[in-house]
Amino acid sequence: MRHVYEDRFAEIEPLLNRVEKPSRYIDHEWGTLAKPDAAYRVCLIYPDVYEVGLPNQGIAILYNNLNKAEGISCERGYIPWIDMADEMRAAGVPLLSLEGAAPVAAFDVVGFHIPHELAATNYLEALDLADIPLMAQERTDDDPLVVAGGPSVYNPEPLYAFFDAFLVGEGEDLIVEFCERHRELKAAGLTRAEQLRELAKIPGVYVPSLYELVHDEASTRWGHTVPRAGEDVPEVIYKRVAADFGVTDPVPQSVVPYAQLVHDRLSVEVLRGCARGCRFCQAGITYRPVRERSADQVVSAVVHGLEKTGYDEVSLTSLSTTDHSCVKEILSRLNRRLADTGISVSIPSQRLDSFGVEMALEVAGEKKGGLTFAPEAGSQRMRDIINKNVTEEDLDRAVRAAFQAGWRRCKLYFMMGLPGERDEDIVAIAHLADHVVEVTREVVPPEQRGGIGVSISVAVFIPKAWTPFQWCAQLDDAEVKRRQQLLLASVKSRAVRVHYHDAETSLIEAVLSRGGRELAPVILGAWQRGQRFDAWTEQFELSRWLDAASACGIDLREAVQEPFPLDAKLPWEHVSPGVSRGFLEREYRRALEGKTTHDCTRDTCTGCGVCPTLGAGNVLVGERS
Amino acid sequence: MTEPTLFKLRVRYVKRGRLRYLGHLEVAHTIERVVRRAGLPYAVTQGFSPHMRVAFSAALPVGTYSESEWYDLVLTEYVPAPEALARLVAATPTDLVPLEAAYVDIRAKALTAHLTRAVYRIDMTSAEGLAISPADIEDALARICDRGSIEYLRGKKTKRLDVARTLTAFSVEHAASGAFQITLDTHQDNDGSMRPEILLGALDAMLAARYLPDVELPVLETGIASFLCFSVAAIVRVEQSCEDERA
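Residues numbered from 1 in each chain as written. Chains lettered and ligands numbered in written order. Predicted model: local features only at pLDDT ≥ 70, side-chain atom pairs only at ≥ 80, totals over all residues. Heavy atoms only, no water.

Draft legend 1. Representation of the overall build of chain B in the model. When helices and strands are tallied, chain B shows six helices and ten strands. If you line up chain B on its principal axes, its C-alpha atoms span 70 × 40 × 30 Å. Classification of the 247 residues of chain B by burial places 49% in the buried group. For chain B, the proportion of contacts with a sequence separation of at least 24, taken over those separated by at least 6, is 74%. Looking at chain B as shown, the accessible area adds up to about 11,800 Å², and 51% of this sits on carbon and sulfur atoms. (Helix = DSSP H or I, 4+ residues; strand = E, 2+ residues; numbered from the N terminus. Buried < 20%, exposed > 50% of the residue type's maximum accessible area, 1.4 Å probe, protein only. Contact = heavy atoms within 4.5 Å. Areas by Shrake-Rupley, 256 points an atom, 1.4 Å probe, with all protein chains shown as cover.)

Put into structure tokens, the structure is as follows:
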């Protein structure tokens, strides 16, 4: 190893007085699990600052499972904020893990979470601070294996050069299998290349160096990826699925932070997967099948988790918590249990109907901040295209119910730049917002109408791999800006506040979400030009990306504005969440025809292919309403 | 409706090790979680946004050690103080461990009003090559006291530390070769309190004027970590008490 595993806290301690939020770097939180004496060590890194990364549920699960495994110790790492990173470089201190304050380069495996596309430069920032070669092919037997996994792993190609392996899908069992096997191979004296070749045999493990890029007529400008000649590796790596979600630990969270976080609360994952089938949504495909925990399990997990951690808030997390077949029972039981404790329950998003409002009412108590709804598109035509199966009447009823119940503010999420979008669909967003204000005025007493606030937040549609819209182009940013102005000009009511997303970061997200291996040098170039923390608006500078891309001969705008032919081989099709290509094509065609598709947890199978391909199935604990 | 019987438990705890880098709000947050983990029958406020009834002594600057931090916790049931303390200890990270707990009258004055005296101990070593004596330090401190106040920067704002009002006494002891221990006896109230690191900054400037006349002085501001004429191993709040109850 280039670095020895040893406690180097004394070297960062003198820096703590000079940086903001020193508690990001001190560790010693309640509930850490690392085992100082274990012979095999893993460091899991979230590619952002501590307070963004700590609440991550995925890392909590892997941290918990690895530390339960015999002889394996798992520690955590985060990206030092720019002030600390610069101080550490000046002082010659490498990136350290939290628990042991030991150099990250001294671990056996370094695992990164891939939360979204905009973390790309932060992997390089971390590796560079850690003194680990940035390129997988430059690493030697003295370096840790650098692996990655997480929700945004389903097009790993732009990152292929930085990671030795990707772990695809649910990591509960996979991470432990991977590390145990790696420990054996290391002990047997295999070289790094030999170890990786063996590890690639574990289902769900993608070792990019064993695959190569083919450019041919059948593929897009990015080519497609196939096993390297002579390598005995699968053509398609399918995601792993936890053997039985219902028996996984519902409270993997153990570390209770000191710092005040973005999501500072206990989280209990009440269900996994969503089958509503919104056609723009990647998670709606990649988290399938749908699996619910029982009401008993959720209630006891909440009670036990609160006792263990001392939090004053619990969030029932999932992609669509109000779809849980027993959500009503769960919320009323929790409300009884937690009465007079000052502890609150929250659910991450509201379903767009009166049932959603009823559930919101269950958790709101006296405190009614704002409610959030996501109609996603303004016109019925557009909502049919994206398969957002809600109508204006649904929204009408939901808003009416919410404002009758006492809410005075609501936020509506929309997207612009969706496939087939016309100016009239943008104007429809404005009309819908104005209509919502009218509805609220009907139900709110005149003397309280001053408090009414409706805000609309309009994101730029980003076509994602493994969705029915994966073939679609992204709207060019000049046109996005024109439509944003059109929207602003179309809103009549002064009670409506309009927020829209930055078209420039959306451009980078789009290029990384559908691009290929040729983007790795672009990411490297952007980082070398000073780019890090892209997800932080004030840190983002598009020019660094554009310069880096043009140095590689790539025009980013041209790349994202190019639709792919329906029959083309796509850059990511060798790393699969199990959905069938036929289903995505059919959904794309139905979108163009404005035909909707139902939710298989409330009706018959829609033939997405996930269950048979992964050998899994939907598990519901009751009838869904 | 009669007010239910409530009990006010007053707890002294420490702040040491790495956890001295926690901010006041972070500590407050942590202790609320400790109380819930300890399973004590805490009272919550009534109304719109119910929260735990717990109140803290005055904020300690980030990075400063303490042997005497306090909180008042309101309980809805009487739990014998030794048992409550044991439960809190078991639920607290070691570096914030509570050392004593006792009930006080439910109407007792808030800690911030009650604890008007704070004693700080500063462990420092003179910079290499400088022959600073305890008398030099005493002399410099006395001159700072004569001046009455110190101006410093907090972010971009100029602030004034009222030394005359907050510093009631000080002493300097020679600990070992080049090592000193300063004890500051200070008064604190709503109008302000001693900031030992600012006083040290002023002390450093005073000593530098004599020992390092050619060196440019750094701007005096909060959060300073290094000094020219000495290094500081630790600033410790060793005691917080009520001046009126002084022995």
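Next comes the rest of the write-up.
Draft legend 2. Seen up close, the pattern of salt bridges. Residue and element names in this part refer to chain A. One pass over the structure, following the stated rule, counts 70 salt bridges over all chains. Linking Glu 125 and Arg 532 is a salt bridge whose minimum nitrogen-to-oxygen distance equals 2.9 Å. Residue Glu 125 is found in helix H5 (residues 120-130), and its partner Arg 532 is found in the loop between helix H17 (520-528) and helix H18 (542-551); the two are separated by 407 residues along the sequence. Per residue, the accessibility class of Glu 125 equals that of Arg 532, and both read buried. Arg 333 is paired through a salt bridge with Asp 296; the nearest N and O atoms lie 2.9 Å apart. (Salt bridge = Lys/Arg side-chain N within 4 Å of Asp/Glu carboxyl O.)

Draft legend 3. A look at the interface of chain B and chain A. If you look at the interface, chain B gives 25 residues, while chain A gives 30 residues. It is Arg 18, Tyr 21 and Arg 33 of chain B in chain B that bury the most area against chain A; as a group they hold 32% of the surface buried on that side. Counting every contact that joins chain B to chain A gives three salt bridges. For Arg 18 of chain B, the salt bridge is made with Asp 7 of chain A, and the minimal N-O distance between the two is 3.8 Å. Those elements that provide at least two residues to the side of chain B that touches chain A are helix H1 (24-38) and helix H2 (81-91) of chain B. In terms of residues, the side of chain B that touches chain A owes the most to one element, H1 of chain B, which gives seven residues. (Buried area = accessible area lost by both parts, 1.4 Å probe.)

Draft legend 4. Inspection of the packing of aromatic side chains at higher detail. Residue and element names in this part refer to chain A. A full pass over the atoms with the stated rule returns 20 aromatic pairs over all chains. Between Tyr 5 and Phe 107 the ring centres are 5.6 Å apart and the planes differ by 70°, which places this aromatic pair in the edge-to-face class. Residue Tyr 5 is found in the segment before helix H1 (9-16), and its partner Phe 107 is found in the loop between helix H4 (82-91) and strand E3 (109-113); the two are separated by 102 residues along the sequence. On the basis of relative accessible area, Phe 107 is assigned to the buried category, the value being 0%. Connected via pairs of aromatic rings, a cluster forms that spans Phe 112, Tyr 123, Phe 163, Phe 166, Tyr 206 and Tyr 211. Above the ring of Tyr 5, the side-chain terminus of Arg 41 is found at 3.6 Å from the ring centroid. We note Arg 183 situated over the ring of Tyr 40; from NZ or CZ to the ring centre the distance is 6.0 Å. (Phe/Tyr/Trp six-rings, centres within 6.5 Å; stacked < 30°, edge-to-face > 60°. Lys NZ or Arg CZ within 6 Å of the ring centre and 35° of its normal.)

Draft legend 5. Fine view of the sheet that holds strand E13 (residues 313-317) of chain A. All names here are of chain A. The strand order across the open sheet built from three strands is E10-E13-E14, with neighbouring strands paired in parallel fashion. The sheet is open, and its two borders are formed by strand E10 (266-269) and strand E14 (344-346), each paired with just one other strand. Sheet twist, expressed as the mean angle between neighbouring strand axes with direction ignored, is 25°. For E10 and E13, the ladder comprises four bridges, and the chain directions are parallel. By the bridge assignment, Leu 266 is partnered in E13 with Val 314. Helix-sheet contacts for helix H9 (residues 295-309) involve E10 and E13, and the interaxial angle to E10 is about 155°. (Pairing = 2+ DSSP bridges. Axes fitted to C-alpha atoms, helices over the stretch in contact; angles between N-to-C directions.)

Draft legend 6. Geometry of the domain arrangement of chain B. All names here are of chain B. Split into domains, chain B comes out as domain 1 (7-114) and domain 2 (117-245). For domain 1 versus domain 2, the separation of C-alpha centres amounts to 29 Å. Counting residues at the interface gives 13 residues for domain 1, matched by 14 residues for domain 2. Note on domain 1 versus domain 2: buried area summed over both sides is about 1,100 Å², and carbon and sulfur give 47% of it. It is Tyr 65, Glu 67 and His 114 in domain 1 that bury the most area against domain 2; as a group they hold 42% of the surface buried on that side. Counting across the interface, domain 1 meets domain 2 through one salt bridge. A salt bridge links Arg 237 to Glu 69; its shortest N-O distance comes to 2.9 Å. Broken down by element, the residue count for the side of domain 1 that touches domain 2 peaks at six residues, all from strand E3 (residues 65-75). Residues of the side of domain 1 that touches domain 2, tallied by class, amount to six nonpolar, five polar and two charged. (Domains from an automatic or database assignment. Nonpolar A, V, L, I, M, F, W, Y, C, P; charged D, E, K, R; others polar.)

Draft legend 7. Representation of the nonpolar core within the structure. All names here are of chain A. Counting 201 residues, the largest nonpolar core has Phe 112, Phe 178 and Leu 316 as its most contacted members. The element contributing the most residues to this core is H5, with seven residues. For Leu 316, the contacting residues outside a window of four places in its chain are Val 268, Val 270, Val 298, Val 302, Thr 321, Ile 330, Leu 331, Leu 334, Val 345, Ser 346, Ile 347 and Pro 348. In this structure, Leu 371, Ile 429, Val 460 and Leu 487 belong to the second largest nonpolar core, which totals 39 residues. (Core = buried A, V, L, I, M, F, W, Y, C linked by side-chain atoms within 4.5 Å.)

Draft legend 8. Main features of the sheet that holds strand E15 (residues 370-376) of chain A. All names here are of chain A. Pairing within the open sheet is parallel, and its four strands lie in the order E15-E16-E17-E18. At either end of the open sheet lies a strand with only one pairing partner, and these are E15 and strand E18 (496-500). Here the strands of the sheet are splayed against their neighbours by 20° on average, with no regard to which way each runs. Alignment of strand E16 (residues 409-416) against strand E17 (residues 453-460), held across eight bridges, turns out to be parallel. Bridging across to E17, Phe 414 finds its partner in Val 458. Along the sheet, helix H15 (residues 477-490) makes contact with E16, E17 and E18, crossing E18 at roughly 175°.

Draft legend 9. Spotlight on empty space enclosed by the protein. Residues and elements named next belong to chain A. Inspection of the entire model under this criterion finds nine cavities of 30 Å³ or more. By volume, the largest cavity amounts to about 180 Å³. When contributions to the lining of the largest cavity are tallied by element, the ones reaching two or more residues are H1, strand E2 (72-78) and H4. Split by residue class, the lining of the largest cavity holds 16 nonpolar, two polar and three charged. Volume-wise, the second largest cavity comes out at about 150 Å³. Elements that contribute at least two residues to the lining of the second largest cavity include exactly H5 and helix H16 (503-514). Tallied by class, the residues present in the lining of the second largest cavity amount to eight nonpolar, five polar and two charged. (1 Å grid on protein atoms, 1.4 Å probe; cavity = no way out; pocket = protein on both sides within 12 Å on 5 of 7 lines; lining within 4 Å. Points joined across faces, edges and corners; volume = space filled by probe spheres on them.)

Draft legend 10. Molecular detail of the environment of Arg 2 of chain A. Residues and elements named next belong to chain A. Position of Arg 2 relative to the elements: it lies in the segment before H1. For the pair formed by Arg 2 and Asp 142, sequence separation is 140 residues and the distance between their alpha carbons is 5.9 Å. Sequence-distant contacts of Arg 2, defined by excluding residues within four places in its chain, comprise Asp 131, Pro 133, Thr 140, Asp 142 and Asp 143. A polar contact of 2.6 Å, which involves the side chain of Arg 2, links it to the side chain of Asp 143. (Polar contact = N/O pair within 3.5 Å; in protein donor to acceptor, adjacent residues only side chain to side chain.)

Draft legend 11. Structural context of unusual backbone geometry. Residues and elements named next belong to chain A. Residue Arg 288 is joined to Pro 289 through a cis peptide bond whose omega torsion reads -5°. When you line up the elements, Pro 289 lands in the loop between helix H8 (283-286) and strand E12 (291-292). If you check the backbone angles, His 28 has positive phi at about 60° while not being a glycine. Within the fold, His 28 resides in the loop between H1 and strand E1 (40-46). Backbone geometry places Asp 131, a non-glycine residue, at a positive phi of 65°. You can see Asp 131 is positioned in the loop between H5 and strand E4 (145-149).

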